[in-house]
Amino acid sequence: MTTPTRDLEVLAVELQEQRHPILAKRRRDRLQQDYQQIIASAELQQLFDALRQWPEAFQQSELGSNSKGLKRTIRLAVEKQVSKLDKAIDDPAYDRHQLRILVKRTRYLTDAFPSLSPLSADATKTLKKVQAALGAWHDHFQWLLRSQQEKDLKVVQQRWSQAAAEELMAAEKRLRKLARLLPDGDRKKASRRKSPKRKR
């Protein structure tokens, strides 16, 4: 529900930084109405109610009273997420928009539970850089799509197109590095270099 509003916030900042204050103001003017709708929404109130109820409900749950079991469950979830990311990076046909979401989820999960994460410090650092690069590419890609509907944005189309291409290239380079840093990354790299012996 809040994603379009967040996208508009980021776009307004971008337009201001690119010295298009009038275009930026047009977007900021729309935000005030969006904010009021979000604040008054039933979904937001339901979220706050759920957050208030969660601590007590969790303490009464089976995992809430079993710290070892909870850690095991979290560790398995983190490892599964990292493994899923590893496979996605190895697949050159994997959609980059979906990969961005996968990178983001992996980063947030490993950040939330660093002691239970299988990632090294270098892998964690590279994961953040990959997320930033894919995020920047995604923003420019979405703005280009938006500029096809909002004609006043055509003035920045060329710059956005160039930036999107450069950011995707940077993301691909960092993804290759991340693949080597993920668990078993070196082993997989070595196995690819080995060619099977021919039978005589």
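Everything that follows concerns the structure shown earlier in this document.
Predicted model, so just to flag it, every value in this text is computed and none were measured.

Parameters at a glance
Residues numbered from 1 in each chain as written. Predicted model: local features only at pLDDT ≥ 70, side-chain atom pairs only at ≥ 80, totals over all residues. Heavy atoms only, no water. Helix = DSSP H or I, 4+ residues; strand = E, 2+ residues; numbered from the N terminus. Buried < 20%, exposed > 50% of the residue type's maximum accessible area, 1.4 Å probe, protein only. Contact = heavy atoms within 4.5 Å. Salt bridge = Lys/Arg side-chain N within 4 Å of Asp/Glu carboxyl O.

With that settled, the discussion passes to the overall build of the protein. Each helix and strand counted, the protein has eight helices and zero strands in total. From first element to last, N terminus to C terminus, the protein shows the α and β order α-α-α-α-α-α-α-α. With the principal axes as the frame, the protein shows a C-alpha extent of 70 × 55 × 25 Å. Sorting the 200 residues of the protein into buried and exposed places 32% on the buried side. Sequence-distant contacts, at least 24 apart, represent 65% of the contacts inside the protein between residues at least 6 apart.

This part covers the pattern of salt bridges. Enumeration over the complete set of coordinates arrives at eleven salt bridges. Two residues, Arg52 and Asp49, come together in a salt bridge whose shortest N-O distance is 2.2 Å. Placement of the pair is Arg52 and Asp49 together in helix H3 (residues 42-59), with a separation of three residues, close to one helical turn. Judged by its relative accessible area of 34%, Asp49 is partly exposed. Here Arg146 and Glu150 are joined by a salt bridge, their closest N and O atoms 2.7 Å apart. Judged by its relative accessible area of 23%, Arg146 is partly exposed. Salt bridges sharing common partners tie together Arg26, Arg27, Arg30, Arg146, Glu150 and Asp152.

Although it is not a glycine, Arg19 adopts a positive phi angle of roughly 65°. The residue Arg19 is located in the loop between helix H1 (3-17) and helix H2 (21-39) in this model. For Arg19, a relative accessible area of 74% translates into the label exposed.

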